[in-house]
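Structure at a glance
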Amino acid sequence: MRLRATIPTGIRIGYTERPASGGTEFPVVDPATEEVVAHVANATSPDWNEALDLAHAAAPTLAAMPARARSQALREIFEAVKERTEDFATTMTVEMGKPLAEARGEVSYGNEYFRWFSEEAARINGRVTPAPAGGGTIATTKHPVGPVLAITPWNFPLAMATRKIAPALAAGCPILVKPAAETPLTLLLLGKVLTDVLRRLDFPDGTVSILPTTHAADLSAELMADARLKKVTFTGSTAVGKTLVRQSADNLQRTSMELGGNAPFVVAGDADLDLVLEAALAAKMRNGGEACIAANRFLVHEDLAKEFTERLTARMSEFVAGHGLDDSTTLGPLITAEQRDRVATLVKDAVSGGATVLIGGETPTGAGYFYPATVLTNVSPTSRIMHEEIFGPVATVTSFHNLDQAVATANDTPFGLAAYGFTENIHTAKYLASALNAGMVGINRGAISDPAAPFGGIQQSGFGREGGSEGIEEYLETRYIALQ
Ligand code: NAD
């Protein structure tokens, strides 16, 4: 076990950290070694119901607190997390596998949501306008929706939760957080940091609860059947997102759904290949490809395709696989054996459809869920890998002759999270920005996440936005006052 800090392993119900009511625990595994690094309390029904009782009781107090008080708490949480950057980063690397430098990057990025929403908390404004027909005034005010359930994935154990916790608190909503069972430790550490700040600043008990469990479906079904829960915010797979939206119908809970993607990366014939290459590596290899906005399909103009493929293959072959805590490591393992085998199956399916493997493509033997950096060309358009989210360090490169056709191929997916376009021509840039069908379009950029920008998808990638001035709206409802 190589955890640097003492991480709480109990559930956190408001300010109380304790064993689960059933007394059971589940193991957390280091995906680079397959060793169990901790046992974590496994929440069951009495635990999440107690958390909801507390959240329901806390909601009016939280809503009535001055915005400045909520803003101050978020700012102090930002400072407290920053101070413990190394503890968060090493914990994340051990339970999730990403190289330490990337984990530090996630702490910095994820923590920015606390700073951003500490600034937004004081700017929750309505509006006052004259009624166009005359004789009255239209006034609107904003109010917190009430208790929130957040369900988060394992790929960005900190950032996927801070995007939800920070705006919920800024808006004045208590929040119950269920981390992914693969990576609960990062959020249990965050729970301790949050508790220390919120208690010191006299926030009501139950403002935040952290509920690790292997019974995710029971937790969401039971909590959503309770009308006291007002909102569900989810990041994860499209299939689970759909289940949650169905479950929200009975109590008409508000929902935000950050779901899967299948990002195209379109390189026009006049693009700057040096810039394209750096962006391609960022968009493909960040987090070992385990990112919802990871480039899934490289579509490159025929004039550049050969050089792009050669240079991408050379750079991909430089990645060093290993334990994320080792200084030399630039590519960690995948999260589980299942995920690794799923990626291997997608590659095998592509090869059986005629694809050429330029590097990688073989699952290594030995401990850890490693899969090598892999580049495929000549991939059949009907291969599964062109239609499913890869979620691994595998790049597919396809050349094109006509940009309109490339855009049509790029858009030939039911998803619509991120898309990338590269060109040196302003008209082509404007065309790609409007024609690529996604919630987020990077033009000449491979890294697009920013706490000040609205992150989110369209179509089967979900709805709702996280970050930006839009992010807090997900936790607010509007009241209209008709003034005579
Ligand atoms: P997942 O849907 O299996 O799990 C996500 C979370 O949902 C976990 O906490 C899990 O325990 C929980 N869960 C699983 N089944 C559930 C159920 N029936 N009811 C309630 N909760 C349930 O997804 P994953 O494999 O952990 O994450 C990968 C997926 O997440 C990918 O599809 C990826 O694109 C997506 N993702 C999206 C974004 C985004 O912002 N759009 C960001 C990161 C990841």
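Scroll up a little and you will see the structure.
Each value, and the rule that gives it
- Residues numbered from 1 in each chain as written.
- Predicted model: local features only at pLDDT ≥ 70, side-chain atom pairs only at ≥ 80, totals over all residues.
- Heavy atoms only, no water.
- Buried < 20%, exposed > 50% of the residue type's maximum accessible area, 1.4 Å probe, protein only.
- Helix = DSSP H or I, 4+ residues; strand = E, 2+ residues; numbered from the N terminus.
- Pairing = 2+ DSSP bridges.
- Right-handed = clockwise from strand over helix to strand, strands pointing away.
- Expected span 1.5 Å × (residues − 1).
- Polar contact = N/O pair within 3.5 Å; in protein donor to acceptor, adjacent residues only side chain to side chain.
- Contact = heavy atoms within 4.5 Å.
- Axes fitted to C-alpha atoms, helices over the stretch in contact; angles between N-to-C directions.
- Near = heavy atom within 4 Å.
- Areas by Shrake-Rupley, 256 points an atom, 1.4 Å probe, with all protein chains shown as cover.
- Nonpolar A, V, L, I, M, F, W, Y, C, P; charged D, E, K, R; others polar.

1. Here we look at the pairing of strand β12 (residues 263–267)
A regular strand places its side chains on the two faces of the sheet in alternate fashion. Counting buried residues in β12 gives 5 out of 5 residues, a clear majority hidden from the surface. Because side chains alternate across β12, one face comprises the buried residues Ala263, Phe265 and Val267, and the other comprises Pro264 and Val266, equally buried. As judged from the 5 bridges shared by β12 and strand β13 (residues 295–301), these two strands associate in the parallel manner. Paired with Val267 across the two strands is Val300, which belongs to β13. Tracing the backbone out of β12, into helix α9 (residues 273–285) and back to the parallel element β13 gives a crossover that is right-handed.

2. Thoughts on helix α6 (residues 185–200)
Residue pairs three or four apart in sequence face the same way in an α-helix, which turns once every 3.6 residues. If you check α6, its first and last C-alpha atoms are 23 Å apart, about what 16 residues at 1.5 Å a residue would give, namely 22 Å. Among the 16 residues of α6, 12 are classified as buried, and the element is accordingly described as predominantly covered. Along α6, the residues that are buried comprise Leu185, Thr186, Leu187, Leu188, Leu189, Leu190, Gly191, Val193, Leu194, Thr195, Val197 and Leu198. One or two steps after α6, the chain reaches Asp202, where phi turns positive at roughly 65°.

3. Overview of the side chain of Thr238
If you trace the backbone, Thr238 turns up in helix α8 (residues 238–247). In terms of polar contacts, Thr238 uses its side chain to reach the backbone carbonyl oxygen of Gln460, at 3.0 Å. The residues contacting Thr238, other than those within four sequence positions of it, are Leu259, Gly260, Phe415 and Gln460.

4. A closer look at the sheet that holds strand β6 (residues 137–144)
Read from one edge of the open sheet, 3 strands run β5-β6-β20, paired in antiparallel fashion. For this open sheet the edge positions go to β5 (127–130) and β20 (476–483), each flanked by a neighbour on one side alone. Each adjacent strand pair in this sheet contributes to an overall mean axis angle of 20°, direction not counted. Two strands pair when backbone bridges link them, and β6 and β20 are joined in this way by 8 bridges, in the antiparallel orientation. Pairing of Ile138 across the sheet is with Ala482, part of β20.

5. Observations regarding the environment of Glu466
With respect to the secondary-structure elements, Glu466 resides in the loop between β19 (462–463) and β20. For the pair formed by Glu466 and Pro454, sequence separation is 12 residues and the distance between their alpha carbons is 5.4 Å.

6. Considering the sheet that holds strand β14 (residues 356–359)
Across the sheet, which stays open at both edges, the 7 strands sit in the order β14-β15-β16-β13-β12-β17-β18 with mixed pairing between neighbours. Both edges of this open sheet fall to β14 and β18 (440–443), since each of them pairs with a single strand only. On average, adjacent strands in this sheet sit at an angle of 20° to one another, irrespective of strand direction. Of the pairings in the sheet, the one linking β12 to strand β17 (residues 418–422) comprises 3 bridges and is parallel in character.

7. Some details on the site of the ligand
Neighbouring the ligand are 28 residues, the closest being Thr152, Ser237, Leu259, Cys292 and Glu389. A distance of 3.3 Å separates a nitrogen atom of the ligand from a polar atom in the side chain of Ser220. For the ligand, a nitrogen atom lies 3.4 Å from a polar atom in the backbone of Glu258. Contact with the protein chains removes 85% of the 840 Å² of surface that the ligand exposes when unbound. The set of elements that each furnish at least two residues to the shell around the ligand consists of α5 (159–171), α7 (216–224), β10 (231–235) and α8. Of all the elements, α7 adds the most residues to the shell around the ligand, at 3 residues. Residue composition of the shell around the ligand, by class: 16 nonpolar, 8 polar and 4 charged.

The values reported here are purely geometric and, on their own, carry no functional implication.
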